[in-house]
Every structure is written in C-alpha cells, then in structure tokens.
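Coordinate analysis (summary)
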Amino acid sequence: MTFGETMVALRGSGPLRLGGTMQVSVAGAESNVAIGLSRLGHRVRWAGAVGADEAGALVLRTLRAEGVDVAGAAADPDAPTGLILFEPRLPEVTRVHYYRAGSAGSRLRADAVERAFSAAPPRVLHLTGITPALGPDPLSASRHALQLARQQGALVCLDVNFRSRLWTAERAAAVLREWVPSVDVLIASEDELSLCLPPAEQDAERAAQADPVAALAAQAAPLLARGVGEVVVKRGPAGATAFTGDGSLHRPARPVRAVDAVGAGDAFVAGYLSALLDGADLEERLERAVTTGAFAVASPGDWEGAPTRAELGLLGAPPGTVVR
Ligand code: ADP
Ligand code: KDG
C-alpha cells in the first residue's frame, strides 16, 4: 500500500520557454512505485487525493489501467490536481517545474489513509519523504499511516526522496529523524542519508570520506542501531549498496543507454519491494532493483517503461535483438 501526490505531467522536448508540443501523462513517486509493482504481478493499493477535475480523472484512470487499486483514493471538490512540467534541457539534464501549491494532493488527509488500511491490512507500507513536505495534512496522514502500519504489523519502506523545492533540509531532517525508528527498509540516495541522522552522528561520515562505501557504512550503522532493518543506497550509474546487521552488499548498475533518469529511483524501489514480497534474499532484491531501475533510465517517462515480470529478462539482450 502506498499514498502520495500524483500529478498530471506534461513533458516537452526542449526549452520550455520556446513552447511547442508536450506529452500528457501522470507522475508521482509513490504511484510510480505502485505501477512498477503492479506490472510485476503484485496487488497494490494507492490512496492519494486528486482534484475532482479532468486531470484527476486521468490520474485515476491511468492507475486503474495499470491494475493499481484506487478504491481508497479521494477526489477533492475544492482543490485542483497538481501539475508537473518536465523540461528536458540537455541530454543528461531534465528540469522539473511544480504547480502543486494548494493542490488536492497537498490537502491529503488521514481519513484517506484510514480507508486504505481498513480495506485489508497491507503487507508493506511504502512512504516517501515527498508527502510530508506537501503540507500539514499530508504530514499528519503520513504519521497516521506509520502508526497504523505498526499496529497492523506491516513492513514499512521509506524512500527519502528529498525535494528541496518543497521544504528545507532542516525541516526534512526533523521529520525523517522522528520516523527512522518506525522504518524497516530505508532507501536513500548517497546525499540523503545524512538527513536521517542527528548532526552528531554525521561526523562519522566526514571521518571516512576517502572511501565512499566506508562513508556510507558509517552513516548506515547508527540507522541500523535505531532499528532500521535494511539501509539501501541508490547510487545512480554506480548501482546500489545495501547495509544490514550482517554487513553490506553491492550490485553494480545494469549497463543501458540512458535516455531519461527521472523515475529510476521509484522503479528501483518497485523492483526491490517486488523481490522482498516474493521472499527473495538481499542479493536478489538488489538485482531486481537495479534491473527495474535500468529499465526506467532506458525508457522515456517516469513509469511507462516499467517491465512486466516476463520482460525482466530482456535487459542485456545484444544490440539489434528482435524478439519474434
Ligand atoms: P534516483 O532516481 O532516486 O535519484 P538513482 O539515480 O540512484 O535514483 O537511480 C536508481 C537506480 O537506478 C540506481 O541505483 C541504478 O541501479 C539505476 N540507474 C540509475 N542510473 C542508471 C544508469 N545510467 N544506468 C543504469 N542504471 C541506472
Ligand atoms: O521520482 C520521480 C518524481 O520526481 C516525479 O514523478 C514527481 O513525485 C514527483 C515529485 O514530487 O518530484
């Protein structure tokens, strides 16, 4: 189960100020994960809020078409669906512009979360650090979800997903540090781990800076000591490294021609949770995660290129392969 804000997404092909045509789709970190899991054959529920408008209808229709359960989702008559513009500015640089202040997603309330939990207790709750940044209601809804997950014995996965356009590092750190003891699987980029640690413990990182894995291990250790079961660090084209009480494990990225890095992290999370739900070991969890992450960077769009289970094996086929 997951929830958060999913927006209508417009994706241009060059500088936004020149105008031109845009592709219309939807985007939201949590729904990207939900779609990724659904494509891999899992049952998944998304409990966000959209406006009672055509953009909101597009969000819900897309999620339904992808097999995501939206029965708990709410349509807010008093606020619009948020908007996100993706501006591919250079082959390797995409700019993102948000029009989401006052959106329905930023008014998501705890009752939506309550409904989603009452339908059937989830095995996993997936949260991101985007939702609490949206406003006081989504922050309370996220806290409530954490509480319900604990009560119902659901595994809690948190992807830090720090968005500096939405809140400051200080505000993010205050919330994330409070949540850490309730998290089972913590997923973060290399530069996001420090947000989860008290300032005193960030010194260990500086001491070990010469070796990046040692630096990450020094940051992961206090998180593991606070009760996090697995700290999984997404490292872009360098792959991913996981830290547990038993040590660390690294998987390199799967080599692909990168066309659009947006959504790679969400695809990675979907692969990781898919393998976890299958009962796979850490190595397989990381392997599926780097595979689904690679699919995302090799395809335009946030979630459109997410693989089905049968497609997982396509990656690594020699150039020019035609599947007949
Ligand atoms: P985020 O999108 O959250 O910033 P990353 O950029 O670290 O996350 O990407 C998540 C995962 O996707 C990485 O751990 C890696 O496995 C995969 N990935 C990212 N970039 C590439 C790339 N250029 N080539 C292959 N795999 C990639
Ligand atoms: O992870 C991809 C997201 O950045 C994108 O879908 C939009 O949810 C989004 C956000 O808040 O940045």
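See the structure shown above.
Residues numbered from 1 in each chain as written. Chains lettered and ligands numbered in written order. Predicted model: local features only at pLDDT ≥ 70, side-chain atom pairs only at ≥ 80, totals over all residues. Heavy atoms only, no water.

**What to know about the state of the cysteines**
Such a bond, covalent and formed between the sulfur atoms of two cysteines, is termed a disulfide. Under the defined criterion, the tally for this structure stands at 0 disulfides. C196 forms no disulfide, and the closest cysteine sulfur to it belongs to C157, at a distance of 12 Å. Residue C196 is classed as buried on the basis of its relative accessible area of 1%. (Disulfide = S-S within 2.5 Å. Buried < 20%, exposed > 50% of the residue type's maximum accessible area, 1.4 Å probe, protein only.)

**Quick notes on the layout of surface pockets**
Any space left empty among the atoms is revealed by the rolling of a water-sized probe across them. Taken as a whole, the second largest pocket encloses approximately 450 Å³ of empty space. Around the second largest pocket, the lining is made up of 18 residues, and of these M1, R43, V44, P122 and R123 lie nearest the centre. For the lining of the second largest pocket, the residue count by class is 10 nonpolar, 4 polar and 4 charged. (1 Å grid on protein atoms, 1.4 Å probe; cavity = no way out; pocket = protein on both sides within 12 Å on 5 of 7 lines; lining within 4 Å. Points joined across faces, edges and corners; volume = space filled by probe spheres on them. Nonpolar A, V, L, I, M, F, W, Y, C, P; charged D, E, K, R; others polar.)

**Section: the sheet that holds strand β7 (residues 124-128)**
Taken in spatial order, the 6 strands make up an open sheet running β7-β8-β9-β10-β11-β12, and their pairing is mixed. Here the strands that pair on one side only, and so sit at the sheet edges, are β7 and β12 (247-251). When strand polarity is set aside, the average angle formed by the axes of neighbouring strands in this sheet is 15 degrees. Inspection of the sheet shows strand β9 (residues 185-189) paired to strand β10 (residues 230-234) by 5 bridges, in the parallel sense. The residue bridging L186 from the neighbouring strand is V231, located in β10. Here helix α4 (residues 136-152) sits on the sheet and contacts β7 and β8 (155-159); the angle it forms with β7, its principal contact strand, is near 160 degrees. (Pairing = 2+ DSSP bridges. Helix = DSSP H or I, 4+ residues; strand = E, 2+ residues; numbered from the N terminus. Axes fitted to C-alpha atoms, helices over the stretch in contact; angles between N-to-C directions. Contact = heavy atoms within 4.5 Å.)

**A few points about the site of ligand 2**
Close contacts around ligand 2 come from M7, A27, G28, A29, N32, I84, Y98, R100, I130, R163, D266 and D302, and that covers them all. Residue N32 places a side-chain N or O atom 3.4 Å away from an oxygen atom belonging to ligand 2. D266 has a polar side-chain atom sitting 2.7 Å from an oxygen atom of ligand 2. For ligand 2, whose accessible area on its own is 320 Å², the fraction buried by protein is 93%. (Near = heavy atom within 4 Å. Polar contact = N/O pair within 3.5 Å; in protein donor to acceptor, adjacent residues only side chain to side chain. Areas by Shrake-Rupley, 256 points an atom, 1.4 Å probe, with all protein chains shown as cover.)

**Looking at the packing of helix α3 (residues 110-119) against α4**
Between α3 and α4, the shortest axis-to-axis distance is 8 Å and the interhelical angle comes to 25 degrees. With respect to each other, α3 and α4 are oriented roughly parallel. Note that α3 runs across α4; the crossing there is right-handed. Packed against α3, whose contacting residues are A110, V113, E114 and F117, the element α4 presents A141, H144, A145, L148, A149 and Q152 at the interface. (Parallel < 35°, antiparallel > 145°, perpendicular 65-115°, else oblique. Left-handed = near helix turned anticlockwise from the far one by under 90°.)

**A word on helix α2 (residues 54-65)**
Every α-helix carries 3.6 residues per turn, so stepping three or four residues along brings you back to the same face. With 12 residues, α2 ought to run about 16 Å at 1.5 Å a step, and its terminal C-alpha atoms sit 16 Å apart, in line with that. Looking only at α2, the buried set comprises A55, G56, V59, L60, T62 and L63. On an axial view of α2, the arc spanned by its buried residues comes to 160 degrees, and they lie on one face. Facing away from the buried side of α2 by over 90 degrees, the exposed positions are E54, R61, R64 and A65. (Expected span 1.5 Å × (residues − 1). Arc of directions from axis to C-beta.)

**Quick look at the side chain of R285**
By the element assignment, R285 lies in helix α9 (residues 282-298). Setting aside chain neighbours within four positions, we find R285 in contact with E230, G271, Y272, A275, L276 and A280.

**Digging into the site of ligand 1**
Neighbouring ligand 1 are 15 residues; K234, G236, G239, R254 and G265 lie closest to it. At 2.8 Å from an oxygen atom of ligand 1 is found a side-chain nitrogen or oxygen belonging to K234. Measuring from an oxygen atom of ligand 1, one finds a backbone N or O atom of G236 at 2.7 Å. When ligand 1 sits alone it has 550 Å² of accessible area, and the protein chains cover 81% of it. At the level of secondary structure, the elements contributing two or more residues to the shell around ligand 1 comprise α8 (264-277) and α9. When grouped by side-chain class, the residues that make up the shell around ligand 1 number 7 nonpolar, 5 polar and 3 charged.

From the geometry alone we can't say anything about function, so treat these as descriptive.
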